[in-house]
Amino acid sequence: MRYLARIVALSAALALLAPARAADTIRLAVQKTGTFSWELATIRAGGLDKEANLSLEVTELASTEAGKIAMRAGNADIMLSDWLWVSRERALGAKLTFYPYSSALGAVMVPASSPIKSLTDLKGRKLAVAGGPIDKSWLLLQARMKQDGIDLKSEATIVYGAPPLLAAKALDGEMDASLNFWNFCAQLEAKGFRRVAGIEDILPKLGAKGPVSAVGYVFDETWAAGHRDAVARFIAMTRKAKQLLVTSDAAWEKVAPLTGTTDAAMLKTYRDRYRDGIPRRSIDDEEADARVLYRVLAEIGGRDLVGPAGELDPGTFYHAVSGD
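What you see is a predicted model, and the numbers here were worked out from it, not measured in a lab.

Enquirer: Would you explain the side chain of Ser87 in this entry?
Expert: With respect to the helices and strands, the residue Ser87 is situated in helix H5 (residues 83–91). The contacts of Ser87, once residues within four sequence positions are left out, are Tyr294, Glu311, Leu312, Asp313 and Thr316.

Following this line, the structure appears as C-alpha cells:
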C-alpha cells in the first residue's frame, strides 16, 4: 500500500511539473476600424483566448481588400468577409469556407424632417450609396424596388462613395437619402436621422425566412480540417465574447475607445445595433436563405459580382461545429 501511495504521489508531482499544452496559434487579419476589433478587445479583457488555449496573432489592415490579399497569400488563417466572396472564390478554385459573424446590414437613412417616408419615395431623389455599384445592400435594394416596378438605378440620382465621406455629406444635407454600412447608419441615427428601411427589412420580400449573416469568419477548409479542434475553440470563444457584449454594458467600456466616439447616444446606438446583428439561427437556416439571396444577387449583379457560378457553392458554409 505504501509503495502504491508513493507511485500515486510521484505521478501527481510529475503531472504538476509537466509543461502545459502549448496554445494553438491562429493568425487573424483584422480591419483596423472594423467591429472585429471590438470582439477581440472583449476576448482579451475577459481572458477568453487563454481559457480557449489559443494564441491570437492579429495583423491590423487598412481594408477588407488587404485582408483578402493576406488570405490568398497564406499570411492569415481567419478574416472577416461575406459568403458571396467565399462562393466566388470557391468557383475560381480557392477552397475557402464561411462561418456567420453578424447579420447587421445597412439601411436607407434620411434626415428626421425628410418628406421621404417609404422606399418608393426614393424615386427622383438623390441617393448616396456606399460600397460601389455592386455592393450587396445596393443590389438587394434594387431587386426589391423592381418588384414594385421601380428601376432605382435609372429613376434616382445615384452617388457612389466611401462610407465615411457619404455619411459626412448626408449630415451636410447634400443628399436626399443614403444607403450606408450599418455602423455609419448608427452614426446618422445618433445624430437624429431616421431609418426609412433596413436592408434586413426587405429580405423577406426577396425570399429569406429570417436574418441572414452577410459577414462571417472566413478560413481555408484544408487548414480548418487540420485544426478542427482549434477552430471549434475559436468559435466557442467568440460566442462567449458576443454573449458578454449582449449581457454586459460594462464590457462595452473596453469597446468604447475603439468606436472613435465619446458621444453617449452614438455609443448606445452602436451597442444596440451590434447586439441586433448577432447570429442566432442554425447554419442550415442561414445557408438556405443565403442560397436564395445569392440567386437574387447573381441575377442583378451578373458575372461581375458572382463570377462563373450562378448558385451558391455547396461548401461555402462551415458545418463542423457542435450544436449547429
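Enquirer: In this structure, what is going on with the pattern of salt bridges? I would like to understand it.
Expert: If charged atoms from side chains of opposite charge come close, those side chains can pair. Counting across every chain of the model gives 23 salt bridges. The partner of Asp82 in a salt bridge is Lys136, with the nearest N and O atoms 3.1 Å apart. Taken together, the residues span a long stretch of sequence, with Asp82 in strand E3 (residues 78–82) and Lys136 in helix H6 (residues 136–146) at a distance of 54 residues. We note a salt bridge from Lys123 to Glu155, for which the minimum N-O separation is 3.2 Å. Of this pair, Lys123 sits in the loop between strand E5 (107–110) and strand E6 (126–130) while Glu155 sits in helix H7 (residues 152–155); the two residues are 32 residues apart in sequence, bridging distant segments of the chain. We classify Lys123 as partly exposed; its relative accessible area is 47%.

Enquirer: Sorry if this is basic, but what is going on with helix H2 (residues 36–45) here?
Expert: Residues three or four positions apart in an α-helix share a direction because the helix packs 3.6 residues into each turn. When you tally the buried positions in H2, you get eight out of 10 residues, the bulk of the element. If you check which residues of H2 are buried, you get Phe36, Ser37, Trp38, Glu39, Leu40, Ala41, Thr42 and Ile43. Looking one or two residues beyond H2, the residue adopting positive phi is Gly47, at roughly 65°.

Enquirer: I'm lost on the nonpolar core in this one. Help?
Expert: Nonpolar side chains tend to gather and get buried jointly when the protein is soluble and globular. Trp83, Leu141 and Phe234 are the most contacted members of the largest nonpolar core, which has 92 residues in total. When near neighbours in sequence (up to four residues on either side) are disregarded, Trp83 contacts Phe98, Val212, Ser213, Ala214, Ala290, Leu293, Tyr294, Leu297, Leu312, Thr316 and Phe317. Membership of the second largest hydrophobic core comes to six residues, among which are Ala107, Ala170, Cys185 and Leu188.

Enquirer: So what exactly am I meant to see when it comes to the sheet that holds strand E4 (residues 96–102) here?
Expert: Sheets are built from strands paired through backbone hydrogen bonds, the pairs being either parallel or antiparallel. If you trace the five strands from one edge of the open sheet to the other, you get E2-E1-E3-E10-E4, paired in mixed fashion. A single partner strand is all that each edge strand has here, and the edge strands are strand E2 (54–61) and E4. Averaged over all pairs of adjacent strands, the angle between their axes in this sheet comes to 35°, without regard to strand direction. Note: strand E1 (residues 24–31) against E3, two bridges, orientation parallel. Residue Ala29 lies in a different strand from E3, and its bridge partner there is Met79. Lying on the sheet, helix H4 (residues 64–72) is in contact with E1, E2, E3, E4 and strand E10 (215–220); it crosses E3 at an angle near 125°.

Enquirer: Help me understand unusual backbone geometry, please; the structure alone is not making it clear to me.
Expert: Glycine aside, the phi torsion of most residues is negative, and most peptide linkages are trans. Not every positive phi belongs to a glycine, and Asn53 is a case in point at roughly 55°. Turning to its location among the elements, Asn53 is positioned in the loop between helix H3 (48–51) and E2. In this structure Asn53 comes out as partly exposed when scored by relative accessible area, which is 23%.

Enquirer: Explain the pairing of E5 to me, please; I cannot follow it from the model alone.
Expert: Each regular strand carries side chains that alternate between the two faces of the sheet. Residues Ala107 and Met109 line one face of E5 and the alternating positions Val108 and Val110 line the opposite face, and both faces are buried. Bridge count between E5 and strand E8 (residues 177–180): three bridges; the pairing is antiparallel. If you follow Val108 over to E8, its bridge partner there is Leu179. As defined by bridge partners, E5 adjoins strand E9 (residues 194–198) across four bridges and the pair is classed as antiparallel. Its bridge partner lying in E9, Met109 is registered against Arg195.

The rules behind the values
Residues numbered from 1 in each chain as written. Predicted model: local features only at pLDDT ≥ 70, side-chain atom pairs only at ≥ 80, totals over all residues. Heavy atoms only, no water. Helix = DSSP H or I, 4+ residues; strand = E, 2+ residues; numbered from the N terminus. Contact = heavy atoms within 4.5 Å. Salt bridge = Lys/Arg side-chain N within 4 Å of Asp/Glu carboxyl O. Buried < 20%, exposed > 50% of the residue type's maximum accessible area, 1.4 Å probe, protein only. Core = buried A, V, L, I, M, F, W, Y, C linked by side-chain atoms within 4.5 Å. Pairing = 2+ DSSP bridges. Axes fitted to C-alpha atoms, helices over the stretch in contact; angles between N-to-C directions.

Honestly, that's just the spatial picture; any functional story needs more than this.
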